[in-house]
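Survey of secondary and tertiary structure
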Amino acid sequence: MHKFLLVIDATTRSQQFKQMNERRPIAAIPFFAKYKLVDFGLSSGYHAECDNVGVFTKDSARSLRDHLGGGKFWNLDRNRGGLFILPSSLLDIPYEPMIAYQRLRDHIELLHKSYHHYVIVVNGYAVHNLDFQKLLNIHIESGLDLSVVKKGQLNTGIYISTIEVLQKLTLSAPKTGDLNLADTVLNPKEVTVNTIQIYKPFYLIESLKDYYHVSMELLNNVKTRNEIFKVDRPIITKEHQTFPAHICEHAIIKHSIIETGSVIHGNIERSILFHKVNVGEGSLIEDSIVFTNSRVGENVTLKFVVVDKDVTIDDGVTLTGTKTEPLYIPKKSHIKGNLS
Amino acid sequence: MAKEIVAMLLAGGQGTRLYDLTDTNAKPAVSFGGHYKIIDFSLSNCLHSQINTVGILTQYEPFELTRHVGNGAAWELDIQNGGLSILSPYQNSAQQFFYKGTAHAIYANMHFLDYYHPKHVLILSGDHIYKMDYMKMLVEHEKRDADLSIAVMDVPLKEASRFGVMITNDQYEIVDFEEKPENPKSTLASMGIYIFKYSSLKQFLKSELEKEDTNYDFGQDIIPAMVHANKKVYAHVFEGYWKDVGTIQSLWQSNMDLIEPGANHLDLEDNLWKIYSKSVNARPAYIGDTATIVDSLIDEGTSIEGLVVKSVISLNVTIEEGAKVSNSVVLPGAVIEEDVEIDYAIVDEHVVVPHGTVIKGTPDNIQLISKKSLGGKHHA
């Protein structure tokens, strides 16, 4: 087993998430009842016995830091290596679609200090359960300097090289004019580039539309769901200490995902409920996603809605979106009347 | 290094009245309430009572138990000065210390207590379901300058004969006691939870356990000796939900109490007194198209396509289409195959109940469905 440093690029923000992305990086967006998007990359690291992870952040990373803590859930609270959360610094580049070489250079110590030979760079908004050890072996066998992982034409945002190569690319970026690894792969100047094709399920979550679509795909497609959320290779996340979900006398639940700590009196169909969600009697939740700690009153109707955390929806309210444009209810809102 | 109080949790008993559930598992490591193990309740009580030094005394089938508690991090017991210690039987140059009884287990670990040199020692059982603030008991114990305080519950007279019963004066000082009396003189039943002044505990362990006819037991030896020696032995009256889950019937009833809470119930949903357990990394539960769930507890990792009524469905349980589970407790990892009917039963961990099986108990005769009872089919 080859050891590697895992660099998680949690710098990405996007205008495509409405307010879901306003106060948290995409990497910290809650996903599929109990996870955050950053968990998928971290879990692939965990299963490859990765013991050294650097997470690059930008702007407010409070929710991400809260989630990662000292990294104990991913076996990263260690004496040697472990988890490093690297704070944001001001860059003089016009835009940053993925982690810039300039940002890597601000924290070049991470690369200097790592005692591993290889490095894998991943973004914080990919949903997968990839075997990083396997990818690393394919990279090593290729004999080339830098590998980019693709699914068909899609660039997964996963790059593999030696730490030495990444250091070289980072330090020579002002000279080559490359902003980031994507630039380098498009037009390699100093290194040889290999492409690794994957065939396993892989999704990038780049908008609210993607978010809703991929969530529903994983709810509806049992084969894909079982390939991502494997029993013997689980996605690892911060644990929540709550009681089992209480499905009450008049509740009806069909084709849905539920989590612990919820108390459900209403009807739930084709929906995903995070933990500690309360649903009152006579309510109908269809084709919707409800985040942690939200309270849905009595006789409420939700259809094609994504409800963020800590939301209160009063009795009798009807909220409707559409399959292609789900209605988004921001964190901590109190909804007193109908919306669509 | 000296501590105000150290807790000693007795978790070594075999629990023979739970039959197959404790074949390869200690009683405190038996699953409870869909999400927990029995020992989580005592350990969570310690956390909420600010007790940060706990010795767990293991003997019978300790593997699952020690794996579950780990380094105690779930109960904030992974600390430098104190924290969690697993105290298993050992031998030294003079003798072997296999635990011969509750008092002997403490006696054999006096070196552990001496190291922390506590003023008081709290003795707990690992097989009770309850929420209790031990600090309240300690405050009363200190105020009375007691040598020993015994937690008691006021039970109905007709139930009192199932317990050790404390006879007290009007100051709750214990003047006598009876073990499972036919005609109880008191309704104050011992809960098996004690706080000793450490100096008194040490004195009586030494004097009593060295007698030839000793039973090595708190109830039979230490407590009577202290009462008869006119030591200050007091009852601490506890009000709230408490259940000894030492039998199939009581284990089932206590699980059902979570679904149909009576006037005096255990509130798992209380955020101020959460019950903590080990993290397991299970997937969220999936409820399928053909599922119907009525008034039940559903834990993580479950996949349900059948009918579930008034039942506790634990971690990673699968219930297939056409199966009917009612008034039952299904323990972690069990698989209920198609068209199975189960009523008034406990299904043991990792048991596969094969297609078409029908097992029905009654409220007074809860069926235990185990690998043994089904003839050895085992889910890997």
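The present account deals with the structure reproduced in this document.

The rules behind the values
Residues numbered from 1 in each chain as written. Chains lettered and ligands numbered in written order. Predicted model: local features only at pLDDT ≥ 70, side-chain atom pairs only at ≥ 80, totals over all residues. Heavy atoms only, no water. Helix = DSSP H or I, 4+ residues; strand = E, 2+ residues; numbered from the N terminus. Rg over C-alpha atoms; globule rule 2.2 N^0.38 Å. Buried < 20%, exposed > 50% of the residue type's maximum accessible area, 1.4 Å probe, protein only. Contact = heavy atoms within 4.5 Å. Areas by Shrake-Rupley, 256 points an atom, 1.4 Å probe, with all protein chains shown as cover. Pairing = 2+ DSSP bridges. Axes fitted to C-alpha atoms, helices over the stretch in contact; angles between N-to-C directions. Core = buried A, V, L, I, M, F, W, Y, C linked by side-chain atoms within 4.5 Å. Buried area = accessible area lost by both parts, 1.4 Å probe. Salt bridge = Lys/Arg side-chain N within 4 Å of Asp/Glu carboxyl O. Polar contact = N/O pair within 3.5 Å; in protein donor to acceptor, adjacent residues only side chain to side chain. Nonpolar A, V, L, I, M, F, W, Y, C, P; charged D, E, K, R; others polar. 1 Å grid on protein atoms, 1.4 Å probe; cavity = no way out; pocket = protein on both sides within 12 Å on 5 of 7 lines; lining within 4 Å. Points joined across faces, edges and corners; volume = space filled by probe spheres on them.

**Let's talk about the overall build of chain A**
Within chain A, the regular secondary structure consists of nine helices and 27 strands. By the compact-globule yardstick of 20 Å for 340 residues, chain A fits well, its C-alpha radius of gyration being 21 Å. A principal-axis box enclosing the C-alpha atoms of chain A has dimensions of 65 × 40 × 40 Å. Taken over 340 residues, chain A has a buried fraction of 60%. When contacts within chain A are restricted to residue pairs at least 6 apart in sequence, those whose partners lie at least 24 apart make up 54%. When the accessible surface of chain A is summed, it comes to about 13,800 Å², and 48% of that surface belongs to carbon and sulfur atoms.

**Side note on the sheet that holds strand 10 (residues 193-197) of chain A**
Residue and element names in this part refer to chain A. Taken in spatial order, the seven strands make up an open sheet running 5-4-1-6-9-8-10, and their pairing is mixed. Both edges of this open sheet fall to strand 5 (82-86) and strand 10, since each of them pairs with a single strand only. Taking the axes of each pair of neighbouring strands and ignoring which way they run, one obtains an average angle of 20 degrees across the sheet. Pairing of strand 1 (residues 4-10) with strand 4 (residues 52-57) involves five bridges; the strand directions are parallel. Looking at strand 4, one finds that D9 is bridged to F56.

**Here's the deal with helix 1 (residues 39-48) of chain B**
For helix 1 of chain B, the buried fraction is high: ten of the ten residues fall into the buried class. Following helix 1 of chain B by one or two positions, Q50 of chain B adopts a phi angle in the positive range, close to 60 degrees.

**Section: the nonpolar core**
Counting 69 residues, the largest nonpolar core has F31, F132 and Y211 of chain A as the members making the most contacts within it. Apart from residues lying up to four places away in sequence, F31 of chain A is in contact with K36, L37, F40, V127, I205, Y211, V214, S215, L218 and F274 of chain A. In terms of nonpolar packing, the next biggest core, distinct from the first, is built from 47 residues, V296 and V317 of chain A together with A323 and V340 of chain B among them.

**Re the interface of chain B and chain A**
For an interface, size is often stated in terms of accessible area lost upon the parts coming together. Contact with chain B, which involves 34 residues of that partner, is made by 33 residues of chain A. Contact with chain A buries area across many residues of chain B, yet N281, R283 and P284 of chain B alone supply 22% of it, more than any other trio. Applying the counting criterion to the chain B and chain A interface returns one salt bridge. Notably, a salt bridge pairs K34 of chain A with E300 of chain B, separated by 2.4 Å at the nearest N-O pair. At the boundary of chain B with chain A, the tally comes to 19 residue pairs in polar contact (both at pLDDT 80 or more). Elements with a minimum of two residues in the side of chain B that touches chain A: strand 16 (285-287), strand 17 (292-294) and strand 18 (296-298) of chain B. Across the side of chain B that touches chain A, the residue classes break down as 16 nonpolar, ten polar and eight charged. Where strand 12 (residues 245-247) of chain A and strand 18 of chain B come together, three bridges link them in antiparallel fashion.

**What to know about the sheet that holds strand 25 (residues 318-320) of chain A**
Residue and element names in this part refer to chain A. Pairing within the open sheet is parallel, and its five strands lie in the order 13-16-19-22-25. Each edge of the open sheet carries a strand with a single partner, namely strand 13 (252-254) and strand 25. Pairs of neighbouring strands in the sheet enclose a mean axial angle of 5 degrees, with direction left out of account. Bridge count for strand 22 (residues 301-303) against strand 25 is three bridges, and the pairing is parallel. Each bridged residue has a counterpart across the sheet, and for T301 the counterpart in strand 25 is T318.

**A word on unusual backbone geometry**
The residue D287 of chain A is not glycine, and still its phi comes out positive at about 50 degrees. Looking at where D287 of chain A falls in the secondary structure, it is placed in the loop between strand 19 (284-286) and strand 20 (289-290). With a phi close to 55 degrees, N281 of chain B is a non-glycine residue in the positive phi region. By secondary structure assignment, the location of N281 of chain B is in the loop between helix 9 (248-259) and strand 16. The exposure class of N281 of chain B is partly exposed, given its relative accessible area of 25%.

**What to know about empty space enclosed by the protein**
Scanning the model with the defined rule gives two cavities of 30 Å³ or more in all. Space inside the largest cavity adds up to approximately 160 Å³. Around the largest cavity, the lining comprises 15 residues; the ones closest to its centre are K34, E239 and H240 of chain A together with V280 and E300 of chain B. Here the lining of the largest cavity is composed, by residue class, of one nonpolar, eight polar and six charged. When its volume is computed, the second largest cavity comes out at roughly 40 Å³. Lining the second largest cavity are N129, L130, K200, P201, E227 and K230 of chain A. Among the residues making up the lining of the second largest cavity, the classes are represented as two nonpolar, one polar and three charged.

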